[in-house]
Amino acid sequence: MLIVKKFGGSSVADKDRIFNVANRCVEEYRRGNDVVVVLSAMGDSTDHLLELAQSVNPDAPKREMDMLLTTGEQVSVSLMAMALDALGVPAISLNAFQVAMHTTSTYSNARLKRIDTERIQNELESRKIVIITGFQGINKFDDYTTLGRGGSDTTAVALAAALQADACEIYTDVDGVYTADPRVVKDAKKLSEITYDEMLELATLGAKVLHNRSVELAKKYGVQLVVRSSLNKEEGTIVKEDTTVEKMLISGVAADKNATRISLIGLKDEPGVAFKVFNLLAKHHINVDLILQSIGRDGTKDITFTVESNMAKEAMDALKNQQSMLKFNEISCKENVAKVSIVGAGMATNPGVAAKMFEALYNCGVNIKMISTSEIRVTVLINEKDVDLAMQAIHDAFGLGTTK
Ligand code: ADP
Ligand code: ASP
Ligand code: MG
C-alpha cells in the first residue's frame, strides 16, 4: 500500500516531535508500505518569517515573500530525513523543485496544477521514505510559489491523488474534526465522520483544521481523508463523500476572524453597478465573501461586502482609484469583525435552524451585522470581540456539546 502522511507545524515543532513523527513513519514503513510524508514548517516558524519580513519591508514583493516562506518547509523535511537516517531507515527529502510541483503563477496564493510523480516513484521503488515540503510549488517562471496559509494539507491531498495513494492521513495537534474549535468551545465533540461538503464549508468558514482547497481536491479526486492526532493513536475523523452515521442537523460551528467589511455608499441604482464593482475586485484577485445590497432609494443604493483582512487595503485602494468610474459618494472600511457560521447537511430539510441561531445570539446580546445562507450553512457577521461568546452560545443552543 502507498500511504501519504501529512504532519502540521506543531507535530514537528522540536527535536522530540520530529523523532515522534519519524518513528510513526518507520512503523508504517516496516509494515511493508510505501510512505510519502508531507511536512509543514516547524512550530510557528512561518509566523516568525512573516514578522521578519514585516520588519524589513511591510510592503514586501510577493515573489520575495514566497522565497522566504518556502524555507520553513525545507528546514523540516531535511531534519526529518536526518532523523530517519539516525534511525537507520533510508529516506530522502524533496522540495517543490525536485519533485516538480507545478502551480499557477500567483505568488502567496497559488493553485497546484500538476505534480510530476516520476522522481517520487523512483525513490519509493528503492524503498526510501520520501519526505516532501508542503505548502510550496513552482510556477512557469521557475519561481517558488506558496499555496496560502495552511496549504500543506492541499499538497498532501494532491500528492495522494497524483500517486493514487491508498490512504491520506492528516496528522495534527487535535484528535480530529470537532463540532467547533476545541480550543474555543470546551465541550466540543469529536466527529467520527464528516462529508466533503460539510468539511469544505467548515474549512472555508474558518475551521483551520483543514485547508479548504485540500477538501475541494479530496472531493474532486475521491481521496478519503483521515484527520487525527500525531501525539496519540486515537482513531480520528474520516472525511468522505457520504457518511454512514445519521445526518446531523448541524455538524459544526466555525469562526473566521480574518474578515473586513467594506461599504460603498450612494452608488447609482442602475444596471451594471454590481458588475463593475466586483469585476474590478476580481481583476485584483480579491475574493469577496458576504455581499449585501440595500434597497434603492432616491436613485441610489449601497453595497456592503467582506474581504479577507489582508486584502482590505488593496481592495480599498482599487475602489478609491476608480471612484469616478463607479460613482459612489463614500467608502468605508470596518476591521475587527468576524464571521460565525453553522454548517450541517440536515439543515436543508429543517426549517427554523437560522432562527435558532439568531435566538442564541440575541440571548447573549450579540448584534448581527450581516447574514448569508446556503443550503447547508448560515453565516453571520458580528464584532470580533463577541466571537468566543457567540460560538459557545450557538454550540449550546444546538446541543452539540459532549455534556448535553
Ligand atoms: P497543523 O499545524 O497541524 O496544520 P492547524 O493549526 O492548521 O494544524 O489546525 C489545527 C487546529 O485547528 C487545532 O489546533 C484547532 O485549534 C483548530 N480548529 C479549528 N476548528 C476546528 C474544528 N472544528 N475541529 C478541530 N480543530 C479545529
Ligand atoms: N507553514 C505553512 C503555514 O504555516 C503551511 C502549513 O502549515 O500548512 O501556513
Ligand atoms: Mg494546518
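Please read all numbers here as calculations on a predicted model, not as lab measurements.

Asker: Give a description of the packing of aromatic side chains that names residues and reports values.
Answerer: For the coordinates displayed, the defined rule picks out three aromatic pairs. Seen from their ring centres, Phe 97 and Tyr 144 are 5.3 Å apart, and the 85 degrees between their planes marks the pair as edge-to-face. One end of the pair, Phe 97, is in helix α4 (residues 96–99); the other, Tyr 144, is in strand β8 (residues 144–146), with 47 residues separating them in the sequence. The exposure class assigned to Phe 97 is partly exposed, which follows from its relative accessible area of 34%. Residue Tyr 144 is classed as buried on the basis of its relative accessible area of 14%.

Asker: Can you lay out the nonpolar core for me, pointing to particular residues and giving the numbers?
Answerer: Counting residues in hydrophobic clusters, the biggest one holds 46 residues, and the most contacted among them are Val 36, Ile 120, Cys 168 and Met 199. Other than its neighbours up to four places away in sequence, Met 199 contacts Val 177, Ile 194, Val 209, Leu 210, Val 215 and Val 239. Judged by nonpolar contacts, the second largest core, of 26 residues, contains Val 340, Ile 342, Ala 390 and Ile 394.

Asker: So what about the site of ligand 1? Which residues, and what values?
Answerer: What surrounds ligand 1 is a group of 17 residues, the closest being Thr 172, Asp 173, Tyr 178, Asp 181 and Arg 183. One of the side-chain N or O atoms of Arg 183 is found 2.9 Å from an oxygen atom in ligand 1. In isolation ligand 1 has 570 Å² of accessible area, and contact with the protein removes 89% of it. Among the residues forming the shell around ligand 1, the class breakdown is eight nonpolar, four polar and five charged.

Asker: Explain the sheet that holds strand β15 (residues 300–308) to me, and be specific about the residues and the numbers.
Answerer: Pairing between the strands of a sheet is mediated by backbone hydrogen bonds and can be parallel or antiparallel. Strand order across the open sheet formed by six strands is β14-β15-β13-β16-β18-β17, with antiparallel pairing between neighbours. This sheet does not close on itself; its edge strands, each paired only once, are β14 (288–293) and β17 (370–374). Pairs of neighbouring strands in the sheet enclose a mean axial angle of 30 degrees, with direction left out of account. Two strands pair when backbone bridges link them, and strand β16 (residues 330–343) and strand β18 (residues 377–383) are joined in this way by seven bridges, in the antiparallel orientation. Note on β18: the bridge partner recorded for Val 337 is Asn 383. Of the strands in this sheet, β13 (252–268), β15 and β16 touch helix α10 (residues 312–321), which is tilted by about 15 degrees from β13.

Asker: Lay out the site of ligand 2 in plain terms, naming residues and giving numbers.
Answerer: The local shell around ligand 2 consists of Ser 40, Ala 41, Thr 46, Glu 73, Phe 135, Arg 149, Gly 150, Gly 151 and Ser 152. Taking Glu 73, its side chain carries an N or O atom lying 2.7 Å from a nitrogen atom of ligand 2. Contacts to ligand 2 include Ser 152, whose side-chain N or O atom sits 3.0 Å from an oxygen atom. Compared with its free state, where it exposes 260 Å², ligand 2 has 87% of that area covered by protein. Taken together, the residues of the shell around ligand 2 break down into two nonpolar, five polar and two charged.

Asker: Tell me about the pattern of salt bridges, and name the residues and values.
Answerer: Scanning the entire structure with this criterion turns up 27 salt bridges. Residue Glu 123 is joined to Lys 128 by a salt bridge in which the shortest nitrogen-to-oxygen separation is 3.0 Å. Taking the relative accessible area as the measure of exposure, Lys 128 reaches 26% and is therefore partly exposed. When the shortest N-O distance is used, the salt bridge between Glu 201 and Arg 377 registers 3.3 Å.

Scoring rules and cut-offs
Each chain carries its own residue numbering, running from 1 in the direction its sequence is written. For naming, the first written chain is A and the first written ligand is 1, with later ones following in the order written. A pLDDT threshold of at least 70 governs which residues receive local features in this predicted model, and a stricter bar of 80 or more applies before side-chain atom pairs are shown or counted, although totals over entire chains, interfaces and linings include all residues. Water and hydrogen atoms were dropped before computing side-chain values, which therefore reflect all heavy atoms in the structure. Any pair of Phe, Tyr and Trp rings, taking the six-membered ring for Trp, is counted once the centres come within 6.5 Å. Such a pair is stacked with planes under 30 degrees apart, edge-to-face with planes over 60 apart, and tilted for the rest. In DSSP terms, a helix is any run of H or I states spanning at least four residues, a strand is any run of E spanning at least two, and both are numbered starting from the N terminus. Three labels apply to residues, based on accessible area from a 1.4 Å probe with only protein chains included: buried if under 20% of the type maximum, exposed if over 50%, partly exposed otherwise in between. Think of a nonpolar core as a cluster: buried Ala, Val, Leu, Ile, Met, Phe, Trp, Tyr and Cys residues, connected wherever their side-chain atoms sit within 4.5 Å. Contacts: residue pairs with any heavy atoms within 4.5 Å of one another. The near set for a molecule or strand comprises every residue that places at least one heavy atom within 4 Å of it. Two N or O atoms count as a polar contact when they lie within 3.5 Å, although within protein this holds only if one can serve as hydrogen donor and the other as acceptor, and sequence-adjacent residues are included solely when both atoms are side-chain atoms. With residues, only the protein chains shown are counted as cover, and all accessible areas are computed by Shrake-Rupley using a 1.4 Å probe. Gly is put with the polar residues, along with every residue not named as nonpolar or charged; the nonpolar set is Ala, Val, Leu, Ile, Met, Phe, Trp, Tyr, Cys and Pro, and the charged set is Asp, Glu, Lys and Arg. Pairing between strands is defined by DSSP: at least two bridges between them are needed. Only the stretch in contact is used when a helix axis is fitted, and all axes are lines through C-alpha atoms; the angle between N-to-C directions ranges over 0 to 180 degrees. Between Lys or Arg on one side and Asp or Glu on the other, a salt bridge is scored when a side-chain nitrogen of the former is within 4 Å of a carboxyl oxygen of the latter.

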